[in-house]
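# Structure at a glance
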Amino acid sequence: MKYPIGIQTFEKIISGGFVYVDKTDLIYSLANGAQVYFLSRPRRFGKSLLLSTLKAYFEGRKELFAGLKIAELEQDWKRHVVFHIDFNGGNYALPGTLEAKIAGYLSDWEQEYGIVPGVDFNLGSRFYQILKVACERSGRGAVVLIDEYDKPLLDVLEHDKELLSRNRETLKAFYSVFKQADEFLRFVFLTGVTKFSQVSVFSGFNQPLDISMLSDYESLCGITEEELHRIFAEPIREMSIAQRCSEEEIRQQLKQRYDGYHFGESMVDIYNPFSVLNAFYARSIRDFWFASGTPTYLIRLMNHYHEGIDQLTGKYYSLDEFVNYKADTEYPLPMIYQSGYFTIKDYDRRRNRFLLDFPNNEVKSGLLTLIASNYLQLKESVNNVAQDLTFALEDGELEQFCALLTSFLASIPYTMRRKESEPERERYFQYTFYLLLRLMSVYAVCLEMEQSQGRVDCVVETPKYVYIFEFKLDGLAEKALLQIREKGYARPFQNDERQVVLVGINFSSKTGTLDGWKYEFYHNTSVNFYRKIKS
């Protein structure tokens, strides 16, 4: 099987015999529905390929669609003039780049149609004239496809407000042509990562139909679980042979690492197409998507935000709270969601609220490592520390776990550990352990638990052991252990076949690291024995 890695042109994929996940029935539905659309999806999710496919369809390239779903649906292949604008590639942090990019497209099209622009023509007026002439000569409405409409804004977001305003006004004036030239248009489709609000980019023309969360188009970009198992059965088999494991194990690894995206109320499981194709090509499970681009703009946003990532994950939100990004605020949730670092994990239909969290382990480990390194100013990878801590617990090496934890906390610069007020000290330890434990949850079941007697600080489940942790700050490890006993935190595991270990840990705000720890084995009265830490 040939994988179209780095190929975003529909014609190249079809002509070159590369694997293609057929979405053309959805393209037919789009083409025969509304006139102006907008779609938001994370980077490298197939938006450029989608526009290339739309371009081939509207150009009447019937031969390219032989054997695809749309071949059974479309009976009248009409040729339209297509104007494709791709904002990828430009560095819009340089003043004048956006204007030059648009002017370059317009100059080429004016030359093609023999149009001489007037001296007072702005970019929008020039495009209006091009659309008018194209429609008159072809006898059909023109098609406009705009890829990554928001890149000129994202490039300057958070560090050049003056250029952000300039680029915004340039785009607003240019896009206003869609309202003026409505009679000359057959179809308009814009893609991007972010749906901006309160920046008036689209205020000059009728608002496009936003299909980003419509159930009919949840799977328009990306790979569904059904498509993965049906189309990629052979690569899964080949990977299982290369990795010396079963096909089911490979399917589970792919699901944990790359699945988990949901783009609407129907909760259709979507796999990251970039990572999946790269994994099949390499026959290895790695963090391909996250490694392909560092979300520095998200880190800048988080640095401006007064709370940490733990205040955003695992909570229910109304649609307005995460769909529209407001450039004049320091609330990063919409940008994190639309960039693909959060996704919908549940939908409460009665309350019309959405649960947001990390989509999968690739994103969780990558983003948390980045945030932790930035927050704690560490030189070593916190992800490696999380792995070592998890492996120590898997092996029943509790002393090694505490030694590693002590060393890790001591490696954090003193300037980061030193906090003046008690609330700051508590927040520092709370956030540090949130980041560390969420990273550990990539490799083991690691969670907080609500029980009738209260909230357990942390439960880590491994194949052989269950660890119940209680943490204290400037207290006593013995009291932490006593709280686990008195609150009965271990009762839910009394019939568990694994060894259950109760662990109390105290931290010192003065030293910024462990100040003592105690553990004991859970006494299960129903079977009347103490379990040992060693197998």
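The coordinates are above.
Residues numbered from 1 in each chain as written. Predicted model: local features only at pLDDT ≥ 70, side-chain atom pairs only at ≥ 80, totals over all residues. Heavy atoms only, no water.

### Some words on the sheet that holds strand 9 (residues 315-317)
This is how it is decided: Pairing between strands is defined by DSSP: at least two bridges between them are needed. The helix count covers DSSP runs of H or I at least four residues long, the strand count covers runs of E at least two residues long, and both are numbered beginning at the N terminus. Fitting a line to C-alpha atoms yields each axis, with helices limited to the stretch in contact; the angle taken between N-to-C directions then spans 0 to 180 degrees.
Strand order in the open sheet formed by three strands is 9-12-11, and the pairing between neighbours is antiparallel. Only two strands of the sheet have a single partner each, and these edge strands are strand 9 and strand 11 (343-348). Adjacent strand axes in the sheet meet at a mean angle of 35 degrees, parallel and antiparallel pairs treated alike. As paired elements, strand 9 and strand 12 (residues 353-357) share three bridges and run antiparallel to each other. Considered in strand 12, the bridge of Tyr317 is made with Phe354.

### Side note on empty space enclosed by the protein
Which entries qualify depends on this criterion: Every definition here rests on a 1 Å grid over the protein atoms only: cavities are sets of points where a 1.4 Å probe fits but cannot get out, pockets are open sets enclosed by protein on both sides within 12 Å along at least five of seven lines, and lining residues have some atom within 4 Å of a point. Grid points are joined across faces, edges and corners, and a volume is the space filled by probe spheres set on the points. Residue type decides the class: Asp, Glu, Lys and Arg count as charged, Ala, Val, Leu, Ile, Met, Phe, Trp, Tyr, Cys and Pro as nonpolar, and the leftover types, Gly among them, as polar.
Tallied over the entire structure, the rule returns two cavities of 30 Å³ or more. For the largest cavity, the calculated volume is near 50 Å³. As for the largest cavity, its lining consists of Leu389, Phe401, Leu405, Phe433, Leu436, Leu437, Met440, Phe469 and Phe471. Every element with two or more residues in the lining of the largest cavity is listed here: helix 20 (398-411), helix 22 (422-440) and strand 15 (465-473). Of all the elements, helix 22 adds the most residues to the lining of the largest cavity, at four residues. The residue makeup of the lining of the largest cavity, split by class, is nine nonpolar, no polar and no charged. In this model, the second largest cavity occupies a volume close to 30 Å³. Along its surface, the second largest cavity is lined by Leu298, Ile299, Met302, Ile309, Ile336, Leu367 and Ile371.

### Observations concerning a negative patch on the surface
Note the following rule: Residues qualify for a patch when their relative accessible area is over 30% and they have no salt bridge, like charges being joined within 9 Å and the nonpolar side chains of Val, Leu, Ile, Met, Phe, Trp and Tyr within 5 Å. In these tables, accessible area is a Shrake-Rupley quantity obtained with a 1.4 Å probe, and a residue counts as shielded only by the protein chains included in the view. Each salt bridge in this description consists of a side-chain nitrogen of Lys or Arg and a carboxyl oxygen of Asp or Glu lying within 4 Å of one another. In this tally, Lys and Arg are treated as positive and Asp and Glu as negative; His is ignored, and so are the chain termini. Where a charge lies is defined by one atom per residue type, namely NZ (Lys), CZ (Arg), CG (Asp) and CD (Glu).
A surface patch of negative charge is lined by Glu422, Glu426, Asp474 and Asp515. Counting through the fold element by element, Glu422 comes out in helix 22.

Geometry only, nothing functional implied.
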